[in-house]
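A look at the structure
Now for the letters of each chain:
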Amino acid sequence: MRYYAAPMEGVTSYLYRKAHSRYFKKADKYFMPFLSPSHDHIFTKKDLREIAPEHNEGLNAVPQLLTRRAEDFLWAAGELKKMGYREVNLNLGCPSGTVTAKGKGAGFLGEPAELDRFLEEIFAAAEVRISVKTRLGLREPEEFSHLLEIYNRYPIAELTIHPRVRADFYRNRIRTEAFEAALPKSRNPVCYNGDLVTAAECRAAEARFQTAAGLMLGRGLIADPALIDKAGGGPGADKDRLRAFHDELYQGYCAAFGSSRNAMLRMKEIWFYLMGLFDDDGRYAKRLRKAGDVREYECQVAAVFRDLALRADAAAVWRKSDT
Ligand SMILES: Cc1cc2nc3c(=O)[nH]c(=O)nc-3n(C[C@H](O)[C@H](O)[C@H](O)COP(=O)(O)O)c2cc1C
């Protein structure tokens, strides 16, 4: 089974991809957090840093676009092709209110006729492979049968399905049975995404979705960066490897931001998930979260590595706070 790293805005930057692939089993694909191509067809500095080929060397990195304008998608896909990318992913899953209000991300799923026209235009003209990351619908999982009819009209390189609707955000029960029903009906290769946190869960998904082209890991992989190693029967991470990974990432952010404070804030996003791998009753996580300056942050990180044992499987600590 192929394992992919999910795009996570604010978490899976190019520095994250680089450090992850250096210390742990490389994902077969790393999907990048979305870029929103602007009407004036200029990438921002931040976008350029993410997609720079030299920042993604040696990785199968896939840029993702969030837009509902075919013209803007085609411009960005053309630029990405010039940079050497062979696949571009379309975001049809983002549930954020500011995104869906503009009919983008999961919001686009509520306008199937528009979406069909958009897909027709981009598939007619794009010179790169186009993959799609979708939810089951905007409001109801029943919307998916019509959406799948539309997807089946186009040669989608890979259709990643996160079996929730927009209204579920990233919480609520995952609708596994809806994914299972859709899998044989897709004419395009399908990838599963959602709530895989332990190696046992990954292996169960492999067994249950044998015809799937891949499994995409999001929060579970941030919580346990060795999850792909473990799913393949390999060893988990020890504290030394995790510490080296942490330090490389932290130092990378300090250098890239020119500010250790901003680097600390970025690292706290990662710790929100990564604390799940440590046997903590909540006290260390709280101290880390509350660290007000860099010295305090570094002390708390040292304490976590010194005092806490690693769990065999990461705990999905984010479920408690309903992210
Ligand atoms: C903080 C955060 C940022 C995310 N950013 C993106 C994104 O940029 N593009 C995207 O398609 N999905 C994004 N997602 C969704 C994830 O890619 C994934 O679909 C979701 O977390 C469910 O998978 P998981 O249960 O394995 O985490 C994001 C999710 C989270 C929690």
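Before reading further, recall that the structure is shown in the block above.
Below: a short report on this structure. Computed from a predicted model, the values in this text were never measured in an experiment.

1. Section: the overall build of the chain
Of the regular secondary structure elements, the chain holds 15 helices and eight strands. Against the 2.2 N^0.38 benchmark of 20 Å for 323 residues, the chain shows a C-alpha radius of gyration of 20 Å, consistent with a compact globule. Referenced to the eigenvectors of the C-alpha coordinate spread, the extents of the chain come out at roughly 55 × 40 × 35 Å. The buried share among the 323 residues of the chain stands at 55%.

2. Here's the deal with the site of the ligand
Taken together, 18 residues sit near the ligand, with Pro 7, Gln 64, Asn 193, Asp 195 and Arg 219 positioned nearest. Between the ligand and Phe 34 there is a distance of 3.2 Å, counted from an oxygen atom to a backbone nitrogen or oxygen. A distance of 2.9 Å separates an oxygen atom of the ligand from a polar atom in the side chain of Lys 133. Within the shell around the ligand, the residues separate by chemical class into eight nonpolar, six polar and four charged.

3. As for the pairing of strand E5 (residues 129-137)
Burial within E5 is extensive, with eight of its nine residues counted as buried. Bridging between strand E4 (residues 87-92) and E5 involves six bridges; their strand directions are parallel. Following the sheet pairing, Leu 90 is matched in E5 by Val 132. In the sheet, E5 pairs with strand E6 (residues 159-165) via five bridges, with the strands oriented parallel. Bridge pairing in E6 links Thr 134 to Ile 161. In this fold, the crossover linking E5 to E6 by way of helix H6 (residues 144-151) has right-handed handedness.

4. Considerations on the pattern of salt bridges
All told, the structure shown has 23 salt bridges when counted by the stated rule. Linking Glu 158 and Lys 29 is a salt bridge whose minimum nitrogen-to-oxygen distance equals 3.0 Å. Separated by 129 residues along the polypeptide, Glu 158 in the loop between H6 and E6 and Lys 29 in strand E2 (residues 29-35) bring together distant segments of the chain. One exposure class covers both Glu 158 and Lys 29, and it is buried. A salt bridge links Arg 117 to Glu 114, with the shortest nitrogen-to-oxygen separation between them at 2.7 Å. A residue pair is termed a helical-turn pair when its members lie 3 or 4 positions apart in one helix, as Arg 117 and Glu 114 do in helix H5 (residues 112-125) at three residues. You can call Arg 117 partly exposed: its relative accessible area is 47%. Shared partners join several salt bridges into a network, and the residues in it are Arg 68, Glu 111, Glu 114 and Arg 117.

What counts and how
Sequence positions are assigned chain by chain, starting from 1 and proceeding in written order. The model is predicted, so local features are restricted to residues of pLDDT at least 70 and side-chain atom pairs to those at 80 or more, both for listing and for counting; the totals for chains, interfaces and linings are taken over all residues. Just so you know, side-chain values use all the structure's heavy atoms and leave hydrogens and water out. Runs of E in the DSSP output that reach at least two residues are strands. Runs of H or I that reach at least four are helices, and both are numbered from the N terminus. Atoms considered for the radius of gyration are the C-alpha atoms alone. The globule rule reads 2.2 Å times the number of residues to the power 0.38. The classification of residues rests on relative accessible area computed with a 1.4 Å probe and restricted to protein chains. Under 20% of the type maximum is buried, over 50% is exposed, and intermediate values are partly exposed. By convention in this text, a residue qualifies as near a molecule or strand provided that one of its non-hydrogen atoms is within 4 Å of it. Any N or O atom pair separated by 3.5 Å or less is treated as a polar contact, with the protein-specific requirement of one donor-capable and one acceptor-capable atom, and with residues adjacent in sequence counted only for side-chain atom pairs. Here the term charged refers only to Asp, Glu, Lys and Arg, the term nonpolar to Ala, Val, Leu, Ile, Met, Phe, Trp, Tyr, Cys and Pro, and the term polar to all other amino acids, Gly among them. Strands are labelled as partners when DSSP assigns at least two bridges between them. Convention used here: a crossover is right-handed provided that the path from the first strand, over the helix, to the second strand proceeds clockwise when the strands point away from the viewer. In what follows, salt bridge is the name for a side-chain nitrogen of Lys or Arg lying within 4 Å of a carboxyl oxygen of Asp or Glu.

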